[in-house]
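Listed below, chain by chain, are the residues.
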Amino acid sequence: MLVAFCAAALTGFCHGDARAERPNILWIYVDDMSDWMGCYGDPIAVTPNIDRLAEGGVLFQHAYMPAPVCSTTRSALITGTMQTTHGLHQHRTMIKNPLPDDLTTIPELFRQAGYLTFNEAKDDYNFVRDRETMYSPEFQRPSRKQVNSHMLGRDASWLKQLKGQPFFGQIQLKGGKFGGETGAKFPTESRFDTDRVSVPPQYPEHPVFRDAIARHYEQIAETDAQVGAILDALKAYDMWDNTAVFFFTDHGSPLPRAKQFLYEDGLKVPLIVHWPTGNDVITRRGNVRADLVSGIDITASTLGLAGIAIPEFMEGVDLFAEDYASQQYVISARDRMGNAIDRIRTVRSQRFRYIRNYKLDRALFQPQYRDKYATFATLQKLLRLGKLSPIQASYFDAEHRPAEELYDLVDDPHQINNLAENPEFRSVLESHRQHLADWEEATDDKGRYPESRESLKRVFESSAGKCVSPEYDFLK
């Protein structure tokens, strides 16, 4: 049995009070959304429900996902391992294999511990697994047109069926996909005036970008309303006092240099953990924490709060453990995104972000499904007119892509000035570079090995041959 309900060192639930009960755990898991929220210091966001969740729990200021896209991030979190360790790193894996025999997903661990488990409803995993092994078949899913979708609207009354039994569940919200991905269309509707938003320097000062940013604020406001409905349902059905809520997103917004890329915008996410009863367990290090956190730490911490032993194969750490020690570095990775083949790795430390580009024969922005989005089309138009700044134009430059990038996030939060060739930062560069090399070797980073020809053939066929990466040349 993997359960140790009185492992006080892990959970602190065995003190003769409500914490002695097995806690419910709920992940509120949001697509494509940045941390533009009041509790994160944003001056114009409308997020009263998320802000209240943070007031009663722990807000992590520096949480980063293992990848800047959904399927690879979600594959990492459900296993508690980096997607690169077990070959789950290609977004939209065309040939999905079973997980190794000794790898168990977190919902399976909860089921072994006697919990009901559910996922409502998107999973998007890059592996084959029987969903009835992972999720309890007795859970009654709300009626829905799509099987693999998100919670629709603000009706969370279906949570009533969970009353009286311990559960580990996931509720998926559309976030930056609500009403269509951020930046897909122009103009769009938003309660936020475009004159109030700020356009960071990695994007051109242009009405399309102001509109996209205002729209993302609107999507965040709607997400906040859905969060409020979920929390109200937990309270209405007497589950609030024994439910730990994890609120986070799978990566940053769909703005051009955010989603799919390894800059702060693509990887930094909101992470809030709320425990209404026995808050001392998770707040003993403070309600606001500046620790560097990886998304796979969410998995380990979830098991820890439930008193379930964390398997040795998991690579994350329990953020609330008695023996927790803060991490010096967090690593994230990008590999193939749809039909665009690339390999990029990044190391985040407290002050710096180091990026290693392995394929220097192609531009950062390769042709992809978002090319017709208003934001991407505007960038292309301004590029042709010579109206992009050097950093904005560099996204399309296949001749001068740097092998390494290094950014001082205190002095340069938008990562505009690459310090990789600055001799004053040589030691910083070398320490990050060495940490990445050691990690790649220690974990046998599967991104070092080329994707199979059969897999590439399937990608090529699914893209109707619209693939420009040279790895597809054998098919042309």
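What counts as what
- Residues numbered from 1 in each chain as written.
- Predicted model: local features only at pLDDT ≥ 70, side-chain atom pairs only at ≥ 80, totals over all residues.
- Heavy atoms only, no water.
- Helix = DSSP H or I, 4+ residues; strand = E, 2+ residues; numbered from the N terminus.
- Rg over C-alpha atoms; globule rule 2.2 N^0.38 Å.
- Buried < 20%, exposed > 50% of the residue type's maximum accessible area, 1.4 Å probe, protein only.
- Contact = heavy atoms within 4.5 Å.
- Areas by Shrake-Rupley, 256 points an atom, 1.4 Å probe, with all protein chains shown as cover.
- Lys, Arg positive; Asp, Glu negative; His and termini not counted.
- Charge placed at Lys NZ, Arg CZ, Asp CG, Glu CD.
- Disulfide = S-S within 2.5 Å.
- Pairing = 2+ DSSP bridges.
- Axes fitted to C-alpha atoms, helices over the stretch in contact; angles between N-to-C directions.
- Phe/Tyr/Trp six-rings, centres within 6.5 Å; stacked < 30°, edge-to-face > 60°.
- Lys NZ or Arg CZ within 6 Å of the ring centre and 35° of its normal.

A few points about the overall build of the chain
- Across its full length, the chain carries 12 helices and 11 strands.
- Over its C-alpha atoms the chain spans a radius of gyration of 22 Å, differing by no more than 12% from the 23 Å that the globule rule assigns to 476 residues.
- Overall, the chain is about 65 × 50 × 50 Å in size when its C-alpha atoms are taken along their principal axes.
- The 476 residues of the chain split such that 61% are buried.
- Contacts spanning at least 24 positions in sequence make up 74% of the contacts within the chain whose residues lie at least 6 apart.
- A total accessible area of about 18900 Å² is found for the chain, and carbon and sulfur atoms account for 50% of it.
- Distance between charge centres in the chain, computed from 55 positive and 65 negative side chains, equals 5 Å.

Here we look at the state of the cysteines
- The full count for this structure, using the stated rule, is zero disulfides.
- Cysteine Cys70 remains unbridged, with the sulfur of Cys467 as its closest cysteine sulfur at 19 Å.

Things to note about the sheet that holds strand S6 (residues 268-274)
- Read across the open sheet, the seven strands follow the order S3-S4-S1-S5-S6-S2-S7; overall the sheet is mixed. Of all strands in the sheet, those bounded by a partner on one side alone are strand S3 (116-120) and strand S7 (288-294). Between one strand and the next, the sheet's axes are offset by a mean angle of 20 degrees, whatever the strand orientation.
- In the sheet, strand S1 (residues 24-30) pairs with strand S5 (residues 243-249) via seven bridges, with the strands oriented parallel. Paired with Trp27 across the strands is Phe246, a residue of S5.
- Strands in contact with helix H8 (residues 295-306) are S1, strand S2 (57-64), strand S4 (167-173), S5, S6 and S7; relative to S7, the strand with the most contacts, it is inclined by about 115 degrees.

Concerning the environment of Pro367
- Among the secondary structure elements, Pro367 is positioned in the loop between strand S10 (352-357) and helix H9 (374-384).
- Of the residues examined, Pro367 reaches a relative accessible area of 39% and is grouped as partly exposed.
- Through-space distance from the C-alpha of Pro367 to that of Ala309 is 44 Å; in sequence the pair is 58 residues apart.
- Filtering out sequence-adjacent residues up to four positions away, Pro367 remains in contact with Asn339, Ala340 and Val468.

Thoughts on the packing of aromatic side chains
- The tally for this structure, following the rule as stated, stands at 23 aromatic pairs.
- Ring centres of Tyr125 and Phe127 lie 5.2 Å apart, and the angle between their planes is 5 degrees; on these two criteria the pair is classed as stacked. You'll find Tyr125 and Phe127 in the same group, each marked buried.
- Between Tyr369 and Tyr373 the ring centres are 5.9 Å apart and the planes differ by 90 degrees, which places this aromatic pair in the edge-to-face class.
- Residue classification places Tyr373 among the buried positions, given a relative accessible area of 14%.
- Feature note: the residues Trp27, Tyr29, Phe110, Tyr115, Phe168 and Phe248 constitute an aromatic cluster, connected by ring pairs.
- Cation over ring: Arg257 sits above Tyr263, and NZ or CZ is 3.9 Å from the ring centre.

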